[in-house]
Amino acid sequence: MAVTGLGTLVYGLVQGPVDGWTAPDTAAAFTVAALALPAFALVEARGPRPMLDPSLFRDRECRAVTVSCFSSSVALFGGTFFLSLFLQNVLAWSPAGAGVVFLSASVFIVLASPVAAALTVRFGVGLPLTLGLGLDALALTGLSCFGRQAAYADYWWLLPALGAGTGLLFVPATVTLVGRAPASRTGTASAVVDTLREVGGVVGVAALGAVLTGRMRSALHDRATRAGLTRDATEHLVRTVVRDGPVHGSDTGPHPGAAASYIAEWAEDSFVDGLHLALHCGALTLAGTLVLVVVPLSRRRPPAQPE
């Protein structure tokens, strides 16, 4: 039921911007997800040997770290996935070059992880979660300020911030869930963190992809219409770019007048518009988690440490 629910949810989020949110396949996918996911939660809550132990979520700190782990995965996986496409399809980086750009973020994930563990043990989960969510929200917001003319020197400093924030987020989740779980459930608790991270990543790519695609579609349609393209030519252009990406904007066939020379530029600008909105949504997800989940938790005094 979990696989069915998550699979249909992701399918609906991916196909909605392409086929339409009211298309039969999309509506059917959301219906199945709406039935399967609550059914899975009900079975887990009542089963004698649940795959996902509900008792882990009764503790306030465990709930905070699981929500933070999931929401941060939604924002970060979705954001970085489409940022890599931006680097390659708009800024003309090679796949290897785009990987090198994100290398500084990866290095700071490694450097921040032991710091996160020390902060969790000393101060509780509130402080590292606050720092991690705040840094990543600011980094995604900062990255949303750049467009087709961006140079590496403009945005490089945001990547270490993104990596440091990510490193501060996931270690507290593992430490807290494993530390609070019964000895017989430590393996399950550790697996919950990995599961939330992977599921959040899949949902994030699908959800932010839906946001990006919807915004890119409307922005490209507006640009083509203002330039005088016919309705059929505009719809063909939008379908092609949404299906194949902005790099194929110039391969969509002949267009009247001076519009043809601007097709690729429109496609790239529209992709950037969609990317900016997706990054804003990711940053808002992180900020909302910080305000609604972590700040109330941080007001509590951490448990006294043994001498």
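Owing to the predicted nature of the structure, the values given are computational and were not obtained by experimental measurement.

A. Quick look at the overall build of the chain. Counting secondary structure elements, the chain contains 11 helices and 0 strands. Scanning the chain from its N terminus toward the C terminus, one meets helices and strands in the order α-α-α-α-α-α-α-α-α-α-α. The contacts of the chain with a sequence gap of at least 6 include a subset with a gap of at least 24, amounting to 75%.

B. Highlighting empty space enclosed by the protein. The tally for this structure, following the rule as stated, stands at 1 cavity of 30 Å³ or more. Taken together, L83, F86, L87, V101, F102, L143, F146, A150, Y155 and L159 form the lining of the largest cavity. Split by residue class, the lining of the largest cavity holds 10 nonpolar, no polar and no charged.

C. Region of interest: the packing of aromatic side chains. Under the defined criterion, the tally for this structure stands at 4 aromatic pairs. Judged by centre distance (6.1 Å) and plane angle (65°), the ring pair of W93 and Y152 falls under edge-to-face. Of this pair, W93 sits in the loop between α3 (60-89) and α4 (95-101) while Y152 sits in helix α7 (residues 152-155), and the two are 59 residues apart along the sequence. The structure contains a cluster of three or more aromatic residues connected by ring pairs, namely W93, F146, Y152 and Y155. Over the face of the ring belonging to F123 we find R122, whose NZ or CZ atom lies 5.0 Å from the ring centre.

D. Spotlight on the environment of A116. The residue A116 is located in helix α5 (residues 103-123) in this model. A sequence separation of 59 residues divides A116 from V175, and the C-alpha atoms of the two residues are 9.8 Å apart.

E. The arrangement of helix α9 (residues 186-226) in detail. Here α9 spans 60 Å end to end across 41 residues, near enough to the 60 Å set by a 1.5 Å rise per residue. Just beyond α9, the residue with positive phi is G228, at close to 95°.

F. Fine view of a nonpolar patch on the surface. Taken together, the side chains of W93, Y152, W156 and W157 make up a nonpolar region of the molecular surface, amounting to roughly 450 Å² of accessible area. Positionally, W156 belongs in the loop between α7 and α8 (158-180). Take W156: its relative accessible area is 44%, and that puts it in the partly exposed class.

G. Representation of the confidence of the model for the chain in the model. Mean pLDDT over the chain stands at 83; residues scoring 70 or higher make up 88%. Predicted confidence is poor over residues 301-307, with pLDDT under 50, and the contacts of this stretch with residues over four places away or in other chains come to 3 contacts.

H. Just the nonpolar core, in detail. Formed by 62 residues in total, the largest nonpolar core has its most connected members in Y155 and L237. Secondary-structure elements contributing two or more residues to this core are α3, α4, α6 (126-143), α8, α9, α10 (231-244) and α11 (263-298). In this structure, Y155 is in contact with L87, L91, W93, V101, L143, F146 and A150, ignoring residues within four places of it in sequence.

Calculation criteria
- Residues numbered from 1 in each chain as written.
- Predicted model: local features only at pLDDT ≥ 70, side-chain atom pairs only at ≥ 80, totals over all residues.
- Heavy atoms only, no water.
- Helix = DSSP H or I, 4+ residues; strand = E, 2+ residues; numbered from the N terminus.
- Contact = heavy atoms within 4.5 Å.
- 1 Å grid on protein atoms, 1.4 Å probe; cavity = no way out; pocket = protein on both sides within 12 Å on 5 of 7 lines; lining within 4 Å.
- Points joined across faces, edges and corners; volume = space filled by probe spheres on them.
- Nonpolar A, V, L, I, M, F, W, Y, C, P; charged D, E, K, R; others polar.
- Phe/Tyr/Trp six-rings, centres within 6.5 Å; stacked < 30°, edge-to-face > 60°.
- Lys NZ or Arg CZ within 6 Å of the ring centre and 35° of its normal.
- Expected span 1.5 Å × (residues − 1).
- Patch = residues over 30% accessible without salt bridge, like charges linked within 9 Å, V, L, I, M, F, W, Y side chains within 5 Å.
- Areas by Shrake-Rupley, 256 points an atom, 1.4 Å probe, with all protein chains shown as cover.
- Salt bridge = Lys/Arg side-chain N within 4 Å of Asp/Glu carboxyl O.
- Buried < 20%, exposed > 50% of the residue type's maximum accessible area, 1.4 Å probe, protein only.
- pLDDT = per-residue confidence, 0-100.
- Core = buried A, V, L, I, M, F, W, Y, C linked by side-chain atoms within 4.5 Å.

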